[in-house]
Amino acid sequence: MSLRQQQKANTRSKIKTIAKQAFLAQGIEATSTRYLSDKAGIAVGTLFVHFPDKLSLVKDIFFDEMDVALRAAVASQKASASPIDYLLQMAQVLFDFYDEYAEFTRQVLLDSLAKGGFHTNQMAVILEGIIKRFKQVGVDDKTASVFAENMIANYWFVLLTGVPKGVLGQVAIDNLKRMNLPFEMSYRNALKNKG
């Protein structure tokens, strides 16, 4: 890495560190780009060279922090054969993270829903994991897909109901579990019939 590239990377990192602290302390909306550039000791134009708008900066911090949280969770999660256990484990990690970064989550989620971004892609991966678990106990492809799509719809409902309040937590997990009980019973019946 050249000296110029290193300086650029250092400036970008400094902006993100200052922005994360400011966003968490005073809120995203209350933190101006002028404030961030002053704290970083750079021109506002330099800030926009690194991040074209405040949402880009918010998303960059959000995804860095989410990556850390997900990596830590993957290392500590137990293997799960049950589709509902799998969904609940993933939801617990995500909901805890979303609660910790509530204002970031609202902004990134709104952008993602409007543009079909990260959250939509994340749910597609989880959908595949749910389908796989149903198929492992003999549920046919079409039924497994219908079950998984309904479970993901329940996830979205719980998420979109909880995010505006800024709290997901155990209440959201309990709601998700209750809403997906019919699919858990279907999984258990298929497991029993397979064995």
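The shown structure was predicted, so the numbers you read here are calculated from the model rather than taken from an experiment. (Residues numbered from 1 in each chain as written. Predicted model: local features only at pLDDT ≥ 70, side-chain atom pairs only at ≥ 80, totals over all residues. Heavy atoms only, no water.)

Caption draft 1: Broad picture of the packing of helix 4 (residues 54-76) against helix 5 (residues 83-100). Packing of helix 4 against helix 5 brings their axes to within 10 Å, and their N-to-C directions diverge by 145 degrees. Considering how the two elements wind past one another, helix 4 and helix 5 form a crossing that is right-handed. Where helix 4 abuts helix 5, its residues Phe-62, Glu-65, Met-66, Ala-69, Leu-70 and Ala-73 lie against Val-93, Leu-94, Phe-97 and Tyr-98. The residue makeup of the contact of helix 4 with helix 5, split by class, is 9 nonpolar, no polar and 1 charged. (Axes fitted to C-alpha atoms, helices over the stretch in contact; angles between N-to-C directions. Helix = DSSP H or I, 4+ residues; strand = E, 2+ residues; numbered from the N terminus. Left-handed = near helix turned anticlockwise from the far one by under 90°. Contact = heavy atoms within 4.5 Å. Nonpolar A, V, L, I, M, F, W, Y, C, P; charged D, E, K, R; others polar.)

Caption draft 2: View of the layout of surface pockets. As a volume, the largest pocket reaches approximately 150 Å³. Taken together, Phe-157, Val-158, Thr-161, Gly-162, Lys-165, Val-167, Leu-168, Val-171, Ala-172, Asn-175, Arg-178 and Met-179 make up the full set of residues lining the largest pocket. Elements represented by at least two residues in the lining of the largest pocket include exactly helix 8 (141-162) and helix 9 (169-179). For the lining of the largest pocket, the element with the most residues is helix 9, which contributes 5 residues. Grouping the constituent residues of the lining of the largest pocket by class yields 7 nonpolar, 3 polar and 2 charged. (1 Å grid on protein atoms, 1.4 Å probe; cavity = no way out; pocket = protein on both sides within 12 Å on 5 of 7 lines; lining within 4 Å. Points joined across faces, edges and corners; volume = space filled by probe spheres on them.)

Caption draft 3: Molecular detail of the packing of aromatic side chains. Following the criterion strictly, the structure yields 12 aromatic pairs and no others. An angle of 65 degrees between the planes, with centres 6.2 Å apart, marks the rings of Phe-97 and Tyr-98 as edge-to-face. Considered together, Phe-97 and Tyr-98 belong to a single accessibility category, that of buried residues. The interplanar angle of 55 degrees and the centroid separation of 5.5 Å between the aromatic rings of Phe-147 and Phe-183 together place this pair among those described as tilted. Of this pair, Phe-147 sits in helix 8 while Phe-183 sits in helix 10 (residues 181-194), and the two are 36 residues apart along the sequence. An aromatic cluster is defined as three or more aromatic residues linked by ring pairs; in this entry it consists of Phe-23, Phe-62, Phe-63, Phe-97, Tyr-98, Tyr-101 and Phe-104. The ring of Tyr-86 carries Arg-133 above its face, with NZ or CZ at 3.9 Å from the centroid. (Phe/Tyr/Trp six-rings, centres within 6.5 Å; stacked < 30°, edge-to-face > 60°. Buried < 20%, exposed > 50% of the residue type's maximum accessible area, 1.4 Å probe, protein only. Lys NZ or Arg CZ within 6 Å of the ring centre and 35° of its normal.)

Function-wise, these values are silent; they only describe arrangement.
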